[in-house]
Amino acid sequence: MEVRDKIYIGGAWVPSTGKGTLEVIDSNTEEVIGTIPEGTVEDVDRAVTAAADAFTEWSTTSAEERSKLLARAAEGLGARTDEIAQMIAREVGMPLSLAGMIQVGLPTGVFADSAKEIADFKWEEEVGNSLVVREPVGVVGAITPWNFPLYQIALKVAPALAAGCTVVLKPSEVAPLNAFALADVLHDIGLPPGVFNLVTGTGPVVGEAIASHPKVDMVSFTGSTRAGKRVMQLASETVKRVALELGGKSANIILDDADLDAAIPGGLFACYMNSGQTCSALTRMLVPRSRLADIEARAKAAAEEYTPGSAFEPSTRLGPLVSSVQRDRVRGYIQKGLDEGAKLVTGGAETPEGLDKGYFVRPTVFSNVTRDMTIAREEIFGPVLSIMPYDTEEEAIEIANDTVYGLAGGVWGGDKAHAEQVARQMRTGQVDVNGGSFNPVAPFGGYKQSGIGRERGKFGFEEFLEVKSLQR
Ligand code: NDP
């Protein structure tokens, strides 16, 4: 049981002004594994004041100095990989076999990459008679979700600090313990007081206070489109810069000439990774009608290899969902798929056998899903794949783009150049061609209601910079 009874403000662990606490639950067992403070509006004000006070000095430190501190943060996180991986396997339910690499390795890499990024960055350029200089945007409010909790924190905190911004972080109340571990690391490496602050609590209180605070210059949010819209609305009162990384309903187009031996298992993994709780999950598989029966059979076989089980069983490929709320929500969507007439290929809304404790859901595949069905339109955030047949390639592209979202996508085809042509026609921020491997420094973010701005690498770093022109 991990009891964290303080928040981190101005370089010190201090009590919240409120008395409330929030429980952290093990998604595998439903046991309480920790408690955190339920922060208040006053806590946010104290944290923002500390960040604003620290900004002048931090923003004028040399890039080299900041780079060294970020590299040390990467080392500090790396040294705690096993402990944090276990923590997140409990909180989120990602199998431990993947959690070390994905849930801790990726965020550690983000700190290391940010350290390198600033060392090489061109801060000034001449444009005619002007000198154009890049400066940190100011105090950044970061609001993050639970699905890749430390990674999503790192994608904001590391580049913001690299740019010379100061930060107030509100992590998800559902998976917050890793954020405390990060605060410990940043404290231990000697980050100056006030440069990084942590206030835990709920979105409607702490999150909204950050989005509204007049001294927060930029709010960077990852989570649902619903909450993202609210954040944007609140931020507009003080014309803050807003970065939003929101939901998706991404399509995976299987072309006529695709190698199904690779495409179908690859497509299932791209949908089921982290039990489907991934904003870029490829949840709509668009397939040529002529190959539908074959693809259904292959998808069923591939899905049934994802036996649900505890994140701590070495053989588990599909852990639990994060919470009872998410489990019930996902089962509700499966039921809706059945009610609206989709064909159930495998899975279903019932509790998986022998898993009465923990938030488990059956790996599910629907076929003959049509565009108007709820499971074709709404983000489910669970292990549910919707197979949608198409008759022509033009129709496939049209179905892929027929969504309010535009985060990710996939194309599989025997002719790679042609597959790339199809990828270019998809209105999304990323497309993986033939299972193209994950690139941690490629820009990531959404078109349409999937968000505003980009994270990762050079593009993610530049989000935290202002541009000033000096005419000479
Ligand atoms: P939320 O969008 O509610 O949570 C994300 C973060 O925003 C959390 O820190 C949350 O706080 C905070 N938040 C919630 N409401 C507000 C608000 N009014 N103002 C400011 N901050 C707020 O996501 P949920 O956890 O409710 O998940 C629901 C659905 O959202 C999922 O099923 C999925 O579809 C989508 N989602 C998408 C993600 C993505 O990566 N794009 C990530 C997570 C969810 P709190 O700690 O109180 O929850």
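So, a few notes on the structure that sits alongside this text. Keep in mind it's a predicted model, so treat the numbers as computed, not measured.

A look at the nonpolar core
Working step 1: Counting 67 residues, the largest nonpolar core has Phe-111 and Phe-196 as the members making the most contacts within it.
Working step 2: With eleven residues, the single largest contributor to this core is helix α5 (residues 149-163).
Working step 3: Apart from residues lying up to four places away in sequence, Phe-196 is in contact with Tyr-8, Val-157, Val-167, Leu-169, Ala-183, Leu-186 and Leu-191.
Working step 4: Counting 31 residues, the second largest nonpolar core, distinct from the first, contains Ala-251, Leu-321, Val-369 and Ala-419.

Re the pattern of salt bridges
Working step 1: Applying the stated criterion across every chain, the model contains 24 salt bridges.
Working step 2: A salt bridge links Arg-241 to Glu-466; the nearest nitrogen and oxygen atoms lie 3.4 Å apart. In this pair, Arg-241 sits in strand β12 (residues 241-245) while Glu-466 sits in strand β21 (residues 465-471), placing the two residues 225 residues apart along the sequence.
Working step 3: In this structure, Arg-317 and Glu-305 form a salt bridge, with 3.3 Å as the shortest nitrogen-oxygen distance. Placement of the pair is Arg-317 in the loop between α10 (292-303) and α11 (324-339) and Glu-305 in the loop between α10 and α11, with a sequence separation of twelve residues.
Working step 4: On the basis of relative accessible area, Arg-317 is assigned to the partly exposed category, the value being 38%.
Working step 5: Bridged by salt links that share partners, the residues Arg-371, Arg-377, Glu-398 and Asp-402 form one connected network.

So, the environment of Thr-364
Working step 1: Here Thr-364 is to be found in strand β16 (residues 364-367).
Working step 2: Not counting residues up to four positions away in its chain, the partners in contact with Thr-364 are Tyr-272, Ile-334, Leu-344, Thr-346, Gly-347, Gly-348, Pro-383, Val-384 and Leu-385.
Working step 3: Looking at Thr-364, its side chain comes within polar contact range of the main-chain oxygen of Arg-362, at 2.8 Å.

Examining the sheet that holds β16
Working step 1: One open sheet accounts for seven strands, arranged β15-β16-β17-β14-β13-β18-β19; its pairing is mixed. Since the sheet does not close on itself, it has two edges, and those belong to β15 (343-346) and β19 (432-433), each with one partner.
Working step 2: Pairing geometry for strand β13 (residues 250-254) and strand β14 (residues 282-288), over four bridges, is parallel. Within β14, the position partnered with Asn-252 by the bridge is Met-285.

Here's the deal with the site of the ligand
Working step 1: In the vicinity of the ligand, 31 residues are found, and the nearest of them are Trp-146, Glu-173, Ser-224, Leu-246 and Arg-329.
Working step 2: For the ligand, an oxygen atom lies 2.4 Å from a polar atom in the side chain of Glu-173.
Working step 3: Between Arg-329 and the ligand, the recorded distance is 2.4 Å, taken from a side-chain N or O atom to an oxygen atom.
Working step 4: For the ligand, the protein covers 91% of the area, taking 860 Å² as the surface of the free molecule.
Working step 5: Sorting the residues of the shell around the ligand by element identifies α7 (203-212), β11 (218-222), α8 (225-236) and α11 as the ones contributing at least two each.
Working step 6: Top contributing element to the shell around the ligand by residue count: α8, with four residues.
Working step 7: Among the residues forming the shell around the ligand, the class breakdown is ten nonpolar, 13 polar and eight charged.

Some points on the side chain of Arg-134
Working step 1: Checked against the element boundaries, Arg-134 lands in strand β7 (residues 130-136).
Working step 2: As a buried residue without a salt bridge, Arg-134 has its nearest oppositely charged side chain in Glu-462, at a separation of 4.2 Å.

Here we look at unusual backbone geometry
Working step 1: Located in the positive-phi region is Asn-368, a residue other than glycine, with phi close to 50 degrees.
Working step 2: Within the secondary structure layout, Asn-368 lies in the loop between β16 and α12 (374-377).
Working step 3: The exposure class of Asn-368 is partly exposed, given its relative accessible area of 35%.
Working step 4: Within the chain, Arg-456 stands out as a residue other than glycine whose phi angle is a positive 85 degrees.
Working step 5: Structurally, Arg-456 is set in the loop between β20 (451-452) and α15 (457-462).

Description of helix α6 (residues 177-188)
Working step 1: Compared with the 16 Å implied by 1.5 Å per residue over twelve residues, the 17 Å span of α6 between its first and last C-alpha is a close match.
Working step 2: Of all twelve residues making up α6, ten are buried, and the element is well covered by its neighbours.
Working step 3: Looking only at α6, the buried set comprises Leu-177, Asn-178, Ala-179, Phe-180, Ala-181, Leu-182, Ala-183, Asp-184, Val-185 and Leu-186.
Working step 4: Looking at the residues trailing α6, positive phi occurs at Gly-190, about 85 degrees.

Some thoughts on a nonpolar patch on the surface
Working step 1: A cluster of nonpolar side chains, namely Met-1, Val-3 and Val-32, defines an oily patch on the protein surface of about 300 Å² accessible area.
Working step 2: In this structure, Met-1 sits in the segment before β1 (2-3).
Working step 3: Owing to a relative accessible area of 67%, Met-1 belongs among the exposed residues under this scheme.

A word on the environment of Thr-144
Working step 1: Among the structural elements, Thr-144 can be located in the loop between β8 (139-143) and α5.
Working step 2: A residue is classified by how much of its surface remains accessible, and Thr-144, at 5% relative accessible area, is buried.
Working step 3: The spacing of Thr-144 and Ala-263 is 119 residues in sequence and 32 Å in space, taken between C-alpha atoms.
Working step 4: Leaving out residues up to four positions away in the same chain, Thr-144 has contacts with Gln-152, Ile-153, Lys-156, Leu-169, Lys-170, Pro-171, Ser-172 and Thr-222.

Some remarks on the packing of aromatic side chains
Working step 1: Counting across every chain of the model gives eight aromatic pairs.
Working step 2: Here the aromatic rings of Trp-13 and Phe-180 are separated by 5.8 Å at their centres, their planes lie at 15 degrees, and the arrangement is stacked. Placement of the pair is Trp-13 in strand β3 (residues 12-14) and Phe-180 in helix α6, with a sequence separation of 167 residues.
Working step 3: Given a relative accessible area of 24%, Trp-13 falls into the partly exposed group.
Working step 4: For Phe-180, a relative accessible area of 0% gives the class buried.
Working step 5: For the pair Phe-121 and Trp-123, a centre-to-centre distance of 5.1 Å together with 80 degrees between the ring planes defines the contact as edge-to-face.
Working step 6: By relative accessible area, Phe-121 is classed as buried at 13%.
Working step 7: Among the aromatic residues, those joined into a cluster by ring pairs are Tyr-8, Trp-13, Phe-180 and Phe-196.
Working step 8: Between the NZ or CZ atom of Arg-4 and the centre of the ring of Trp-13, over which it lies, the distance is 4.9 Å.

What counts, and where the lines are drawn
Residues numbered from 1 in each chain as written. Predicted model: local features only at pLDDT ≥ 70, side-chain atom pairs only at ≥ 80, totals over all residues. Heavy atoms only, no water. Core = buried A, V, L, I, M, F, W, Y, C linked by side-chain atoms within 4.5 Å. Buried < 20%, exposed > 50% of the residue type's maximum accessible area, 1.4 Å probe, protein only. Helix = DSSP H or I, 4+ residues; strand = E, 2+ residues; numbered from the N terminus. Contact = heavy atoms within 4.5 Å. Salt bridge = Lys/Arg side-chain N within 4 Å of Asp/Glu carboxyl O. Polar contact = N/O pair within 3.5 Å; in protein donor to acceptor, adjacent residues only side chain to side chain. Pairing = 2+ DSSP bridges. Near = heavy atom within 4 Å. Areas by Shrake-Rupley, 256 points an atom, 1.4 Å probe, with all protein chains shown as cover. Nonpolar A, V, L, I, M, F, W, Y, C, P; charged D, E, K, R; others polar. Lys, Arg positive; Asp, Glu negative; His and termini not counted. Expected span 1.5 Å × (residues − 1). Patch = residues over 30% accessible without salt bridge, like charges linked within 9 Å, V, L, I, M, F, W, Y side chains within 5 Å. Phe/Tyr/Trp six-rings, centres within 6.5 Å; stacked < 30°, edge-to-face > 60°. Lys NZ or Arg CZ within 6 Å of the ring centre and 35° of its normal.

Shape is all these values report; function is a separate question.
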